[in-house]
Amino acid sequence: MRAIVHDSYGPPEILRVEELPRPVPGSGEVLVRIHAAGVDPGVWHLTTGKPYLVRALGFGLRAPKLRIRGLDLAGVVEAVGPGVSRFAPGDEVYGTCDGSYAEYATTSQDRLARKPAGLTFEQAAAVPVSGCTALQALRDSGRLQSGGRVLVLGASGGVGSFAVQLAKASGAHVTGVCSPGKADLVRALGADEVVDYTRDDPTDGPGRYDLVLDTGGNRTLGRLRRILAPGGTLVLVGGESGGNWTGGFDRQLRAVLLPPIGGRRVRAVAGKPNHDDLAALADLVEAGSVVPALDRSYGMDEAADAINDLMKGHVRGKAVIRIG
């Protein structure tokens, strides 16, 4: 099979397509013939090995332990291992695995769900990581309530584009923050208000929110917490401060040390896609409440371009790689 691999840390250009043996599913595992795989910031972090905290978390200190990149997937079940009860060969599925930038991959049946009806494989591959992260950030960490006021910073990105739609589906009043060139997308996703961050900083205004979701900015925790309503919650998904050592994890690490003040909470979240949440997202997609904001797809030999475009902010919503 063909797979996108690297043997050392470096810029995305270090990735290359190589022929590898097809994997065999073990107990509780599913072998998926992958048709499309999503692109998210985690791919950049694991390719470059930055911030260095990523290496210390078990992904390989001097070189990546796993040669194949990618997490999101959408494809067709090719075979199942002993003990698999949810899926059979021929089923169309989506979810995650360790190394989805390959024509075949094995993964636990608990990391998959049936592909939402009506979506292409490319659209479905845009959902798992970003969709589950947005769902868990709003529902579990943010305790989203109908009628609440929600501010989404980075509303045009992968997690943000799902968060806007999920918050609206829950009956919230949603304000999305993005660049001027992406305002039309955020409005189309259902945001009640759109803020151009190049002209206005929502942390300077009088607005108070029950839930603030920051998907990747570098505003200080103090500025973000001050715009929370009493009892409100700030949820951090990402960030780009902290330098080479902690990078985007900097604010998350500090957030866990902050006690609630005036009932205002700060929470950090790292999405963990699972069967139940993937199935819940599929139901929302099929009901028309959520639509993947797929910008464009890339070929396997364009993986570096896909990752670089994402990290430079050139992607509106999600990007995916066509596998087969």
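For the structure itself, consult the block above.
Novice: Which residues make up the environment of glycine 216, and what values do they have?
Specialist: Mapped onto the elements of the fold, glycine 216 is located in the loop between strand E11 (209-214) and helix H7 (221-225). On the basis of relative accessibility, which here comes to 29%, the residue glycine 216 falls in the partly exposed class. A C-alpha to C-alpha distance of 38 Å links glycine 216 and glycine 81, two positions 135 residues apart in sequence.

Novice: Can you tell me about the environment of serine 108, naming the residues and giving the values?
Specialist: Positionally, serine 108 belongs in strand E6 (residues 104-108). In sequence terms serine 108 and cysteine 97 are eleven residues apart; their C-alpha atoms lie 7.7 Å from each other. Not counting the four nearest positions on each side in its chain, serine 108 is found in contact with Gly28 and Glu29.

Novice: Tell me about the side chain of glutamine 136, residues and numbers included.
Specialist: Here glutamine 136 shows up in helix H4 (residues 128-141). By relative accessible area, which is 8% here, glutamine 136 ends up buried. For glutamine 136, the side chain forms a polar contact with the main-chain nitrogen of lysine 272, separated by 2.9 Å. Beyond its immediate stretch of four places on either side in the chain, glutamine 136 contacts Ser141, Ala270, Gly271, Lys272, Pro273, Asn274 and Asp277.

Novice: How would you explain the packing of H4 against helix H5 (residues 158-169) if you had to name every residue and give the values?
Specialist: Two numbers describe how H4 lies on H5: the axes approach to 8 Å, and their chain directions differ by 50 degrees. By the angle between their directions, the pair H4 and H5 is classed as oblique. By crossing handedness, the relation of H4 to H5 is classed as right-handed. Counting all contacts with H4, which are made through Ser130, Gly131, Thr133, Ala134, Leu135 and Leu138, the residues of H5 involved are Gly158, Val159, Phe162, Ala163, Leu166 and Ala167. Split into classes, the residues belonging to the contact of H4 with H5 amount to eight nonpolar, four polar and no charged.

Calculation notes
Residues numbered from 1 in each chain as written. Predicted model: local features only at pLDDT ≥ 70, side-chain atom pairs only at ≥ 80, totals over all residues. Heavy atoms only, no water. Helix = DSSP H or I, 4+ residues; strand = E, 2+ residues; numbered from the N terminus. Buried < 20%, exposed > 50% of the residue type's maximum accessible area, 1.4 Å probe, protein only. Contact = heavy atoms within 4.5 Å. Polar contact = N/O pair within 3.5 Å; in protein donor to acceptor, adjacent residues only side chain to side chain. Axes fitted to C-alpha atoms, helices over the stretch in contact; angles between N-to-C directions. Parallel < 35°, antiparallel > 145°, perpendicular 65-115°, else oblique. Left-handed = near helix turned anticlockwise from the far one by under 90°. Nonpolar A, V, L, I, M, F, W, Y, C, P; charged D, E, K, R; others polar.

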